[in-house]
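Structural features, examined
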Amino acid sequence: MIRHMIVQNVLHRPLRTLITVVAVAVEVTLVIIVVGLTSGLLLESAKRTEGVGADIMVQPPSASVFIAFSGAPMPIAIGDKLAHLDFVQAVAPVLTTFNTVNGLDLIFGIDPETFDSVTGGFVMHAGHELREPNDILIDDIYARAKKVQVGQTLHIVGHDFNVVGIVEHGKGARLFVLMPTLQDMMGAHDKASVFFVKNDRSEHTPAVTEEIRDLLPHYEIRPLKDFISQMTSSNLPGLGAFINVMIGIAVAIGFLVIFLSMYTTVIERTREIGVLKSLGASKAYIVQIILSETALLCLGGAVLGIALSYAMRSIFIKLFPALSILITPRWILWAALIALVGGMFGAAYPAWIASRKDPVEALAYE
Amino acid sequence: MEPILKTENLWKVYRQGKVDVPALRGVSMEVMPGEFVSIMGPSGCGKSTMLHVIGGLAQATRGRVFLDGNDLTTMSDSERTLLRRHKVGFVFQKFNLLPTLDAYHNITLAQHIHGNGFDPHRFEVVAQLLGLTGRLKHKPSELSGGEQQRVALARAIVGEPKIVLADEPTGNLDTKSSEAVLNLLRSLNKDLGQTIVMITHNPEAAEYGNRVLHMRDGEVVDGESIH
């Protein structure tokens, strides 16, 4: 009976129901997309780093797990010392920087010979490997996203590069140039941001890690086996706070819309509340009706929001192929739960008002 | 026999700004089980206030109200809610049906709130008695005034209340529909023994009851037995 009444109430004002459901859907979509975007970028970045194929990553003291933030404070000569350690098969120094023109892209300055010895070499889609100082390799996702082809010129970090090849994605960055060129551009001669270390056998990773720790105390020595698990928003300064703020804004939207919607509903249905009271409906019964109606609206909003999130992800990925949006069942549930709890808080006051209405005044309401 | 409803020196005073406005001034009356009592009086004489207080919708300022042996004046709001649920059926001038529900659900809503679940036999008896069997799927906006009031009457009696309190039940109806509703009230009283207290300002409507109480300025000024 109560279910029938709630459904009828929701259908009675279709426009208000639609607006409320859409507002909750926006809330859910905002949460899913913001979290999905950050998680997707982190995961994608982690996979690319793992894709280098190294066993250990060596960074300067206190360096971030995000290698792009590391700068270039390490002498490149460290690479020779690392190469002479037991069980070490190859060491690839890499200098990193960001390209901020038309997006945010990580650039690796590499020594092709050592980089290939660690990664196993690029899978070429088109063109050839780096040979000249102004050569640049781009990965297939970058090529597709920016519609760049071999033979074009790219103006990056104040420098004109010739695109000489398109490579399979997943080798740490999307753009690769020769290390000396990048060192010149950054004024970081004989410096590297990170060393990728490949061992002769992966079982030797703990031993090699210890060796490097002895050799370079205070440096960040990260085995890459569990790298993806370390790439969380809490490891990127400000990202966790950003996500929380966005979720807070989303919850505020849902809270206010539900509050207004249910408050208007309660005012509009004052006489009906009086009738229910005259029939002997308790305060709890009236609160139950208001909150159940809210739950139904939130549920509708959550379902629409999840569908919208998938639709938006498809559109975004089509428009920006370099983007990665990770939608997980866990965050779908969280987003729905956040919308539901926010909605319940929004409806709590109107429900309380409704339950406390004086039946005589309510029945006289015009 | 004990009265089903009894008031003793009943006062209801409303506060308007800094002024106390008495709506009931020491009303004492009794209604016996199975009676159909009409309360008549001009507008503003306190009839509706009287109905709200004896039905437990409003709390008395002074005096006593006994409904089926329960003193409403000592009850909390939730206790009076329970009492209304199980012992009182209201019929209003403006029908007060829920516009989103059809006639069937408007009636069964009362059973649902009553808490004893849906009683199909009782529902069938009431729907047939009030001639509603063919109109149950219609929403209030699709029913005439007379039909709406019959639905409201069905809702009031489906829970088998001890007393039905009707506030100007024919006030919004044309003559023919009024007569039909009043005849239904009378047959409910005569055939089922339903106790009814009806407020009206219409002398012809009042005569459908077996006793008429006259109110003026918040007091019962006299009473007369009709049948």
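Just so you know, these numbers come straight off a predicted model, no measurement behind them.

1. Notes on the sheet that holds strand β2 (residues 19-31) of chain B
The four strands lie next to each other as β2-β1-β4-β5 (chain B), forming an open sheet whose pairing is antiparallel. Strands at the two margins of the open sheet, each flanked by one partner only, are β2 and β5 (70-71) of chain B.

2. Thoughts on the interface of chain B and chain A
With 20 residues of chain B at the interface, the matching set in chain A holds 19 residues. Going through the elements one at a time, α2 (77-87) and α3 (103-114) of chain B are the ones with two or more residues in the side of chain B that touches chain A. Here the side of chain B that touches chain A is built from residues that sort into ten nonpolar, eight polar and two charged.

3. Examining unusual backbone geometry
Unlike most non-glycine residues, F87 of chain A shows phi in positive territory, near 70 degrees. Within the fold, F87 of chain A resides in the loop between α3 (78-83) and β3 (88-99). On the neighbour-count criterion, F87 of chain A (15 C-beta atoms within 10 Å) is partly exposed. Of note, the phi angle at E160 of chain B is positive, near 50 degrees, even though the residue is not glycine. Note on placement: E160 of chain B falls in the loop between α5 (145-157) and β7 (163-167).

4. Describing the packing of helix α2 (residues 14-50) of chain A against helix α12 (residues 329-355) of chain A
Residue and element names in this part refer to chain A. One can describe the packing of α2 onto α12 by two numbers: an axis separation of 9 Å at closest approach and a directional angle of 145 degrees. α2 and α12 meet at a crossing whose hand is right-handed. Residues V24, E27, V28, V31, I32, V35 and G36 of α2 lie in contact with α12, whose contacting residues are W331, I332, A335, A336, I338, A339, G342 and G343. A breakdown of the residues in the contact of α2 with α12 according to their chemical character gives eleven nonpolar, three polar and one charged.

5. Looking at the domain arrangement of chain A
Here the domain parsing of chain A yields domain 1 (2-43 + 238-363) and domain 2 (53-223). Using only C-alpha atoms to locate each centre, domain 1 of chain A and domain 2 of chain A end up separated by 47 Å.

6. Some details on helix α9 (residues 239-268) of chain A
Under the 1.5 Å per step criterion, the end-to-end length of α9 of chain A is 43 Å for 30 residues, consistent within 8% with the ideal 44 Å. Packing partners of the buried residues in α9 of chain A comprise α2, α11 (283-319) and α12 of chain A.

Criteria and cut-off values
Sequence order as written defines residue numbering, which begins from 1 separately in each chain. Whichever chain is written first becomes A and whichever ligand is written first becomes 1, with later ones labelled in order. Local features in a predicted model are, by the rule used here, given only for residues with pLDDT of at least 70; side-chain atom pairs are given and counted only at 80 or more, and totals for whole chains, interfaces and linings are based on all residues. The rule for pairing is simple: two strands pair if DSSP sees at least two bridges between them. In DSSP terms, a helix is any run of H or I states spanning at least four residues, a strand is any run of E spanning at least two, and both are numbered starting from the N terminus. For the purpose of contact definition, each residue receives a C-beta atom placed from its backbone, and two residues are in contact when these atoms lie within 7 Å. Each residue is assigned to one of three groups, with Ala, Val, Leu, Ile, Met, Phe, Trp, Tyr, Cys and Pro labelled nonpolar, Asp, Glu, Lys and Arg labelled charged, and all others, Gly among them, labelled polar. Burial in this document is a count-based property: other C-beta atoms within 10 Å of a residue's C-beta are tallied, and the residue is buried at 20 or more, exposed at 12 or fewer, or partly exposed in between, with C-beta positions derived from the backbone. For helices, the fitted axis covers only the stretch in contact; all axes are lines through C-alpha atoms, and the angles between them, taken along N-to-C directions, range from 0 to 180 degrees. Working rule for handedness: look at the near helix, and if it is turned counterclockwise from the far one by less than a right angle, call the crossing left-handed; if clockwise, right-handed. These domain boundaries are the output of an automatic or database domain assignment. Each residue after the first adds 1.5 Å to the expected span of a helix.

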